[in-house]
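A closer look at the structure
Given next are the chains, with one letter for each unit.
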Amino acid sequence: MKKFLTTLFAIIMSAVMLMFVGCSEAGESIYSGNYTEANGETLYESVETLGSGSNFTPTEDKNAGLSIKLSMKATTKSDSTTTYTESDTVEKYSSSQSLNMSLSGKFVTTLEDTGVTPLADLDVALKSSFNENMPEETIKTSTDINANLLLKNDGLFVETSQSNTINGETVTNSAKTQMTLEQLQMMISNLLSQIMGNMQGSMPNVNEMSKQEIVATIDNLTQNAGIRVALDTSKGTKIKIDLSDKDKFIAFINSASGVPTEIEVDIDLKKCELYLIFDEDGNFSAFKFAFSYDSSSTQTEVESDYTSVNNNDASISISAEIKFYDGDVSLPEINPDDYAEFVA
């Protein structure tokens, strides 16, 4: 129970600390429900009755599937004007960056005579650009990467294509790489260790907290950080976390991120929602997290020999969704000889 609470609480705290948005789904969906606002005590008691499993266990009768969707769009713009007192010289600088990333696909486990077999077909796309305008030089760069990942019982096969452009000159390349399941497991294990290590100092350790402390922490977030928790237990358990007070939440984020008070930051918070769905047997069935915002800031620096004004604008929109299903994934034929072996 404690281990499950640790995972769930980590998800909730990560949702608060991270800035991820997805488009609203029209009509009825797995996330729709008759939600009622809940305090820390009610949430704890509802979670306490849930199991620690998921619908990702294959049987002889059915495969266990997991569909994944992730999308992120981010843009930043900055400009600065520096005026030197003695010479009355003015220098201007500006830059802009953009990043579009998407990941989608299916991951399936099947029960074979030799044990559980993993299968996956994932597509990844990434586009980025960077423009920089300096007094004596202008730089424009862009990168376009597409990758297809196929996971079979004999390993992971990755096919990538990439193009890089610098001031109009483009270089393209492609590659096919394969790695064993042992190499993949080691890579994932190392990545998760790094992520959990970085998160340890930013969120409470539920294993070391009593029920009263967990309840108090949740109530503190709902009362002082503008966060709202709601439940629907009519059919399984659905947990929805969104915002009741955007201004409180923005103040909480600014305080947690250590934004200097002398920097004027204007944040337009567009959406913040987190869903955790459990079926009637208490198994984890679906997850969705949506967060988007625009921000702008101005910082003025005045010294004896110059005055500098810096303006920064940012826009971030990220959506993440995971669903468990009964099904299969169709993989194309793979010739391992076409793929170079992965070298760590």
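Residues numbered from 1 in each chain as written. Predicted model: local features only at pLDDT ≥ 70, side-chain atom pairs only at ≥ 80, totals over all residues. Heavy atoms only, no water.

A short note on the overall build of the protein
Looking only at helices and strands, the protein has five helices and 13 strands in total. Each of the 344 residues in the protein was classed as buried or not, and the buried ones make up 33%. On the protein, roughly 20,000 Å² of surface is accessible, and the fraction owed to carbon and sulfur atoms is 50%. (Helix = DSSP H or I, 4+ residues; strand = E, 2+ residues; numbered from the N terminus. Buried < 20%, exposed > 50% of the residue type's maximum accessible area, 1.4 Å probe, protein only. Areas by Shrake-Rupley, 256 points an atom, 1.4 Å probe, with all protein chains shown as cover.)

With respect to the nonpolar core
Counting residues in hydrophobic clusters, the biggest one holds 33 residues, and the most contacted among them are Leu-43, Ile-227, Ile-239, Phe-249, Leu-269 and Phe-287. At the level of elements, helix 2 (40-48), helix 4 (211-224), strand 8 (227-232), strand 9 (237-243), helix 5 (246-257), strand 10 (264-278), strand 11 (284-302) and strand 12 (306-325) are the ones that each hand at least two residues to this core. (Core = buried A, V, L, I, M, F, W, Y, C linked by side-chain atoms within 4.5 Å.)

What about the pairing of strand 6 (residues 155-166)?
The pairing of strand 5 (residues 138-152) with strand 6 spans 12 bridges and is classified as antiparallel. Each residue of the ladder has a partner; that of Asn-148, found in strand 6, is Glu-159. Across 11 bridges, strand 6 lies against strand 7 (residues 169-179) in antiparallel orientation. Within strand 7, the residue paired with Thr-160 across the bridge is Ala-175. Between strand 6 and strand 7, which pair antiparallel in sequence order, lie two residues; one of them, Asn-167, sits at a positive phi of approximately 50°. (Pairing = 2+ DSSP bridges.)

Points about the packing of aromatic side chains
Counted under the stated rule, the structure contains eight aromatic pairs. Seen from their ring centres, Tyr-84 and Tyr-306 are 6.3 Å apart, and the 50° between their planes marks the pair as tilted. Taken together, the residues span a long stretch of sequence, with Tyr-84 in strand 2 (residues 64-84) and Tyr-306 in strand 12 at a distance of 222 residues. The interplanar angle of 70° and the centroid separation of 5.7 Å between the aromatic rings of Phe-284 and Phe-324 together place this pair among those described as edge-to-face. Of the two residues, Phe-284 is situated in strand 11 and Phe-324 in strand 12; the sequence distance between them amounts to 40 residues. Here Phe-284 and Phe-324 have matching classes, each one buried. Positioned above the aromatic ring of Tyr-339 is the side chain of Lys-176, whose terminal nitrogen or guanidinium carbon lies 5.4 Å from the ring centre. Positioned over the ring face of Tyr-35 is Lys-240, at 5.8 Å from the centre of the ring. (Phe/Tyr/Trp six-rings, centres within 6.5 Å; stacked < 30°, edge-to-face > 60°. Lys NZ or Arg CZ within 6 Å of the ring centre and 35° of its normal.)

Some details on the pattern of salt bridges
For side chains bearing opposite charge, pairing can occur when the charged atoms are close. Under the counting rule described, the total for this entry stands at six salt bridges. For Asp-268, the salt bridge identified is with Lys-270, shortest N-O distance 3.3 Å. Glu-321 serves as the salt-bridge partner of Lys-323, at 3.7 Å between the closest nitrogen and oxygen. The structure contains a network of salt bridges with shared partners spanning Arg-228, Lys-240 and Asp-242. (Salt bridge = Lys/Arg side-chain N within 4 Å of Asp/Glu carboxyl O.)

Examining a negative patch on the surface
On the surface, a cluster of negative charge is made up of Glu-60, Asp-61, Glu-112 and Asp-113. Residue position: Asp-113 is located in the loop between strand 3 (90-112) and strand 4 (115-133). On the accessibility criterion, Asp-113 (87% relative accessible area) is exposed. (Patch = residues over 30% accessible without salt bridge, like charges linked within 9 Å, V, L, I, M, F, W, Y side chains within 5 Å. Lys, Arg positive; Asp, Glu negative; His and termini not counted. Charge placed at Lys NZ, Arg CZ, Asp CG, Glu CD.)

Some points on helix 2
Buried residues of helix 2: Gly-40, Leu-43, Tyr-44, Ser-46 and Val-47, and no others. Taken around the axis of helix 2, the buried residues stretch over an arc of 165°, which confines them to a single face. Between a side-chain oxygen at the N-terminus of helix 2 and the backbone nitrogen of Glu-41 the separation is 3.3 Å; the capping residue is Asn-39. (Arc of directions from axis to C-beta. Polar contact = N/O pair within 3.5 Å; in protein donor to acceptor, adjacent residues only side chain to side chain.)

Quick notes on unusual backbone geometry
At Asp-88, a position not held by glycine, the phi torsion is positive, near 60°. Mapping Asp-88 onto the fold places it in the loop between strand 2 and strand 3. If you check the backbone angles, Asn-167 has positive phi at about 50° while not being a glycine. Inspection of the secondary structure puts Asn-167 in the loop between strand 6 and strand 7.

Observations concerning the confidence of the model for the protein
Confidence along the protein averages 83 in pLDDT terms, with 84% of residues attaining 70 or more. Long-range and interchain partners of residues 1-27, a stretch whose pLDDT sits below 50, account for 74 contacts in this model, where long-range means more than four residues apart. (pLDDT = per-residue confidence, 0-100. Contact = heavy atoms within 4.5 Å.)

Quick word on helix 4
One turn of the α-helix equals 3.6 residues, which is why residues spaced by three or four share an orientation. An ideal rise of 1.5 Å per residue puts 20 Å on 14 residues; helix 4 measures up with 20 Å between its terminal C-alpha atoms. Within the span of helix 4, buried status applies to Ile-214, Val-215, Ile-218, Asp-219 and Leu-221. Taken down its axis, helix 4 places every buried residue within 155° of arc, on the same side. Following helix 4 by one or two positions, Gly-226 has its phi on the positive side, about 70°. (Expected span 1.5 Å × (residues − 1).)

Things to note about the environment of Lys-240
Secondary-structure assignment places Lys-240 in strand 9. With relative accessibility at 18%, the residue Lys-240 sits in the buried group. For the pair formed by Lys-240 and Val-229, sequence separation is 11 residues and the distance between their alpha carbons is 5.9 Å. Apart from the residues lying within four places of it in its own chain, the contact partners of Lys-240 are Tyr-35, Arg-228, Val-229, Ala-230, Glu-273, Leu-274 and Tyr-275.

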